[in-house]
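# Reading the structure
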Amino acid sequence: MRKLAVLLGLLVVLSLSGAATAAWWIHSYMQRPVDLDREVVFLVPQGAGLRQVSTRLHEAGIISEPEFFHWYSRLLGKATAIRAGEYRIKVGSTPAQLLEQMVAGQVLLHSLTVVEGWTFAQMHAEVRRHPAIQKTADGADAHSLMDALGAPDMHPEGQFFPETYSFPRGTQDVAIFRQAYLMMQEQLRKAWSQREQDLPLASPYEALVLASIVEKETALPKERGLIAGVFVRRLRKGMRLQTDPAVIYGLGPSFDGNLRRRDLESDTPYNTYTRSGLPPTPIALPGKGALLAAVQPEETEALYFVATGDEEGSHYFSATLEEHNRAVRRYLENLRARRKQ
């Protein structure tokens, strides 16, 4: 009986010793850098289990011992904690660091830059063609999208804030639009709260419309306040805005890049040569600078402006029609001279 007890004790010691040795080897392996000579991106599919992840890591040449990775994760109680997504694996990373990265959900983020002055149609096209964004039926057209955002009767133009948005692969298109929509609502609210008194703007929406025109009229931050000042002065005097970008927006896809006299005389809801006041909707996506310019226009005597034709893209501002006509002639002369060159 005593011999049997000694034998059983010896087996337990050997078993524990073997387990300890195995644990040491596994731990040692998990602390060694993976055998990579360049950064790689690894995808953990939605619903993938630990065994599948370990196998995929091995097949991708990232780890050499999938069983060690598997058992190490289980021993730490993290077998079900790995999150789906794309992971950037850097040279020098260890399997243990990779596990922690996957448990923490530190996924690779993609980005989409919405440019100031884009139209909604341009933003919509970029979102729909982005390879990392999941396309949905709700994001397929403007009406369905605005309905999904809880604003079914709202025109989509101008409602999305120009910014660079970061997101993991598989993010739905509606989620991107929602983030941009809520950000525009917040930026517009802030701008409206800082508005000057006695503006000829009845609502934040009218400020958004004016800001979109300012955004399309100039790419120079220093000119936004001046251009907004011209339009505000015209609104106060009951003058038509006569802004070409609004006319172009009203022409839609038929515009071929050359604005003609007949276009200025062809009446549409957006033709500010034939109609007074602001257009019915924004004509583009304005940024923060244009929003602030619309509610804080610079005081100016100018009622007109025209491009100078310089490389900077600046404008000449005039208080009288006579001065404006002279500036227009100078611009046309500069334009003809450049074409000859």
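Above this text you will find the structure in question.
The present account deals with the structure reproduced in this document. (Residues numbered from 1 in each chain as written. Predicted model: local features only at pLDDT ≥ 70, side-chain atom pairs only at ≥ 80, totals over all residues. Heavy atoms only, no water.)

### Some details on the nonpolar core
- Ranked by internal contacts, the top residues of the largest apolar core, which has 52 residues, are Met123, Leu149, Phe160, Phe177 and Leu291.
- When residues of this core are traced back to their parent elements, those giving at least two are helix 5 (120-129), helix 6 (142-148), strand 5 (164-168), helix 7 (173-193), helix 8 (204-217), helix 9 (221-237) and helix 12 (288-295).
- For this core, the leading source of residues is helix 7, giving nine residues.
- The residues contacting Phe160, other than those within four sequence positions of it, are Phe120, Met123, Leu145, Met146, Leu149, Phe177, Ala180, Tyr181, Met184 and Leu285.
- Judged by nonpolar contacts, the second largest core, of 24 residues, contains Val40, Phe42, Ala48 and Leu50. (Core = buried A, V, L, I, M, F, W, Y, C linked by side-chain atoms within 4.5 Å. Buried < 20%, exposed > 50% of the residue type's maximum accessible area, 1.4 Å probe, protein only. Helix = DSSP H or I, 4+ residues; strand = E, 2+ residues; numbered from the N terminus. Contact = heavy atoms within 4.5 Å.)

### A short note on the pairing of strand 5
- Side chains Tyr165 and Phe167 of strand 5 all project onto a buried face; the interleaved residues Thr164, Ser166 and Pro168 project onto a face where none is buried.
- When strand 3 (residues 109-113) meets strand 5, the two strands line up antiparallel, connected through five bridges. Each bridged residue has a counterpart across the sheet, and for Leu112 the counterpart in strand 5 is Tyr165. (Pairing = 2+ DSSP bridges.)

### Some details on the side chain of Asn271
- If you trace the backbone, Asn271 turns up in the loop between helix 11 (261-265) and helix 12.
- By relative accessible area, which is 1% here, Asn271 ends up buried.
- Polar contacts involving the side chain of Asn271 include one to the main-chain carbonyl oxygen of Asp263, which spans 3.4 Å.
- Among the polar contacts listed, one links the side chain of Asn271 to the backbone oxygen of Leu264, at a separation of 3.0 Å.
- Setting aside residues up to four positions removed in sequence, Asn271 forms contacts with Val247, Asp263, Leu264, Glu265 and Ser266. (Polar contact = N/O pair within 3.5 Å; in protein donor to acceptor, adjacent residues only side chain to side chain.)

The quantities given are spatial measurements derived from coordinates; they are silent on function.
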